[in-house]
Number of protein chains: 2
Amino acid sequence: MSRFLSQRFSQIKPYVPGEQPQDTEYIKLNTNESPYPPSPRVLQVVNQKEVEKLRLYSDPEVKQLIQQIADFYQVSTDQVFVGNGSDEVLAFSFMAFCDQQQQICYPDITYGFYQVFCQLFGLQQNPIPLKQDFTVDYQDYCDCGKNIVIANPNAPTGLSLSLEEIEQILKTNPDHLVMIDEAYVDFGGTTCIPLLKQYSNLMVIQTFSKSRSLAGARLGFAISSPEIIQDLNKIKFSYNPYNVNRLSILAGSAAMQDRLYWEYCTNEVIQTRNKTKCALEQLGFTVLDSKTNFLFARCPKISGEDYYSKLKQNGILVRHFDQERIQDFVRITIGTPAQMEQFLQVTKRLMEEETQ
Amino acid sequence: MSRFLSQRFSQIKPYVPGEQPQDTEYIKLNTNESPYPPSPRVLQVVNQKEVEKLRLYSDPEVKQLIQQIADFYQVSTDQVFVGNGSDEVLAFSFMAFCDQQQQICYPDITYGFYQVFCQLFGLQQNPIPLKQDFTVDYQDYCDCGKNIVIANPNAPTGLSLSLEEIEQILKTNPDHLVMIDEAYVDFGGTTCIPLLKQYSNLMVIQTFSKSRSLAGARLGFAISSPEIIQDLNKIKFSYNPYNVNRLSILAGSAAMQDRLYWEYCTNEVIQTRNKTKCALEQLGFTVLDSKTNFLFARCPKISGEDYYSKLKQNGILVRHFDQERIQDFVRITIGTPAQMEQFLQVTKRLMEEETQ
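Keep in mind the model is a prediction, meaning the values are calculated, not measured. (Residues numbered from 1 in each chain as written. Chains lettered and ligands numbered in written order. Predicted model: local features only at pLDDT ≥ 70, side-chain atom pairs only at ≥ 80, totals over all residues. Heavy atoms only, no water.)

## Section: the interface of chain B and chain A
Reasoning step 1: Taken together, the contact pairs 83 residues of chain B with 83 residues of chain A.
Reasoning step 2: Regarding the contact of chain B and chain A, the summed buried area is about 7100 Å², with carbon and sulfur atoms giving 56% of it.
Reasoning step 3: The largest share of the area that chain B buries against chain A comes from Phe4(B), Tyr57(B) and Tyr239(B), three residues that together contribute 12% of it.
Reasoning step 4: If you look at where chain B meets chain A, you find 45 residue pairs in polar contact (both at pLDDT 80 or more).
Reasoning step 5: Listed by contribution, the elements that provide at least two residues to the side of chain B that touches chain A are helix H1 (40-45), helix H2 (48-52), helix H4 (86-97), helix H5 (113-120), helix H7 (226-236) and helix H8 (246-257) of chain B.
Reasoning step 6: Broken down by element, the residue count for the side of chain B that touches chain A peaks at seven residues, all from H4(B).
Reasoning step 7: Looking at the side of chain B that touches chain A residue by residue, the classes come out as 43 nonpolar, 24 polar and 16 charged. (Contact = heavy atoms within 4.5 Å. Buried area = accessible area lost by both parts, 1.4 Å probe. Polar contact = N/O pair within 3.5 Å; in protein donor to acceptor, adjacent residues only side chain to side chain. Helix = DSSP H or I, 4+ residues; strand = E, 2+ residues; numbered from the N terminus. Nonpolar A, V, L, I, M, F, W, Y, C, P; charged D, E, K, R; others polar.)

Right under this line is the structure:
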């Protein structure tokens, strides 16, 4: 820490991203990336001619991409905001809509960044415990007097709230913003975008990093009321007007247009996930009911940390969270069928070694 | 404005970027982009194989690019921080190092974003007037009791402080951070990176958007003490750990390695600038002594706004700032020799029309 850092950041604990080894060849099941490359259309549009145009700024209004997102979700373009990853969209939202008076609450076990944003923007932490079975109790959020952010499906549990439950939360909090982070919704969840027609206090946040196979392009978006989108633009244009780069705008637009490929990839992941879940259960694992591109699983024989380490020794990266209540679990991203086969074989062998 | 926006942003006036027409064919001399494409090496590394890898997150530590920047400027890698454009680097710096107690000052006529950041982060505005001849008086900043941000060369004037003057500012403000924004330094200014060896209160900020022909890739960086860089990383990892996308990391690394091409492009721009300046002066314009890739010029016959409009009607975009003291001027980005020839022809014709 330098002697110049503002006092308010002296205690901040930044987010710790999953390992991103740049050199070794792991089977990488630790950061919920897609095992499939981006749509072939992305490869067509990100071409040499466009690389030459990098000398020019990107469109600060991101019109082309916003149009594609609006078309896909059948909303109007003034209901869409695009950020440099959904982390930036969330950061802008915490900054814009929360302060000492207007607090925000979220589940105690969820995407770790929500509490980091609270630290960054000097907000009180308001975690609400999950139920014993790791589900979100929607009633905890009804009429709660605060802004709300819920990942649905939740991470790292993979569990999902129903649209009816979310509607109850929206209905009972008319004067507070309800942000639903749908990073994983395309793998079996239900988007609450249709609820925007009735609820002006709803903001839906999605990402291109999972179901659109574009984690490395850094694209996330919010869909909400035009007034809320206007507020987000106020922050963006006061922070970094050219927040989305040229090639990512092209890549995202092409990916959004290729509905068939998106359906194909998400279906593949869902099928592989369901098979992997069955196989793990047969080995005695406890596996939560995932609606995402990962499984949250508890090993019957060794601790979560040990299981993570032994998998790593065998060239397989998964994610372990050293947090109370979930430290017995690991989070396993769904890879290709071949990768999951190898993962299962290693796991089986590890279990057999424990028995001996 | 939605009813959810935090009160503190109700009056915020976002930055207004230069026009970025996406459809019409203008000679675009309004946002200080390079007229030359990125290095041929950039085209080699941003290839189809890498586009396929967009399914994977980028390296949050941006190691490859940081190594290239460190090598180029002969500093150590822990002295380099990379952001999604230098606007993000500046935003993180204002956030990290300024608050109600630790204020910041800057010239009254300079990059318009500094005052926007003050608004965004709730800081007092402390503009210090330029001298009558539009130069920064370095003595105004000596022992000033505040953090300091100075664009050197300054925008939109193009004028530059000497290294000796900057050293006086550093020496007399040992307990305050001095940020030197060198966005335009490669076009004839002198970087103060060597002063880092003696002054731990110095931060130098540069961009890939001008001399590296990569405005559309969104890359900026800071070079400072390891402690200050660590602080910036604390903010980044609490805000958006994957702030730089995969293709931009590759593009930036390749551009930084191609020293010859960078020298070629900057020299071309400098020569074209000097020729254009002479030609404008022959037409009676007042042209400030630019060390940048633009000229700041006052038309002898019509107002700055009129000149801007008439150029636009003739397919040439320049930038006009509706701000006291400089509203008679326009800022003209240096394009290719052919573009500047056309710009001069149009200007000559406009001047002749005025005489008749």
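## As for unusual backbone geometry
Trans peptide bonds make up the majority, and among non-glycine residues the majority have a negative phi.
Residues and elements named next belong to chain B.
Reasoning step 1: Cis geometry is found at the peptide bond from Asn-152 to Pro-153, where omega equals -5°.
Reasoning step 2: Take Pro-153: it is sitting in the loop between strand S5 (147-151) and helix H6 (163-171).
Reasoning step 3: With an omega of 0°, the peptide bond between Ala-155 and Pro-156 qualifies as cis.
Reasoning step 4: Notably, Arg-325 is not glycine yet its phi reads approximately 75°, a positive angle.
Reasoning step 5: Along the polypeptide, Arg-325 turns up in the loop between strand S11 (316-317) and strand S12 (329-333).

## Side note on the nonpolar core
Reasoning step 1: Ranked by internal contacts, the top residues of the largest apolar core, which has 118 residues, are Ile69(A), Val82(A), Ile69(B) and Val82(B).
Reasoning step 2: Sequence-distant contacts of Ile69(A), defined by excluding residues within four places in its chain, comprise Val80(A), Val82(A), Phe208(A), Phe221(A), Ile223(A) and Met256(A).
Reasoning step 3: Membership of the second largest hydrophobic core comes to 74 residues, among which are Tyr15(A), Ile104(B), Ala151(B) and Leu232(B). (Core = buried A, V, L, I, M, F, W, Y, C linked by side-chain atoms within 4.5 Å. Buried < 20%, exposed > 50% of the residue type's maximum accessible area, 1.4 Å probe, protein only.)

## Remarks on the sheet that holds strand S10 (residues 294-298) of chain B
Residues and elements named next belong to chain B.
Reasoning step 1: Strands sit in the order S9-S10-S12 across an open sheet of three strands; the sheet is antiparallel. Sheet topology places strand S9 (286-287) and S12 at the edges, where each strand pairs with a single neighbour.
Reasoning step 2: As defined by bridge partners, S9 adjoins S10 across two bridges and the pair is classed as antiparallel. Directly across from Thr-286, in S10, lies its bridge partner Arg-298.
Reasoning step 3: Where helix H9 (residues 259-282) meets the sheet, it contacts S9, S10 and S12, and its direction lies at approximately 10° from that of S10. (Pairing = 2+ DSSP bridges. Axes fitted to C-alpha atoms, helices over the stretch in contact; angles between N-to-C directions.)

## Describing the pattern of salt bridges
Where charged atoms of side chains with opposite charge meet at close range, the side chains can pair.
Residue and element names in this part refer to chain A.
Reasoning step 1: Following the criterion strictly, the structure yields 18 salt bridges over all chains and no others.
Reasoning step 2: Glu-50 is the partner of Lys-53 in a salt bridge, and the nearest nitrogen-oxygen pair spans 3.3 Å.
Reasoning step 3: For Lys-53, a relative accessible area of 31% corresponds to the partly exposed category.
Reasoning step 4: Between Glu-354 and Lys-310 there is a salt bridge; the shortest N-O distance is 3.2 Å. Placement of Glu-354 in helix H11 (residues 337-355) and of Lys-310 in helix H10 (residues 304-313) is noted, with a sequence separation of 44 residues between them. (Salt bridge = Lys/Arg side-chain N within 4 Å of Asp/Glu carboxyl O.)

By themselves, these are just geometric observations and shouldn't be taken as functional.
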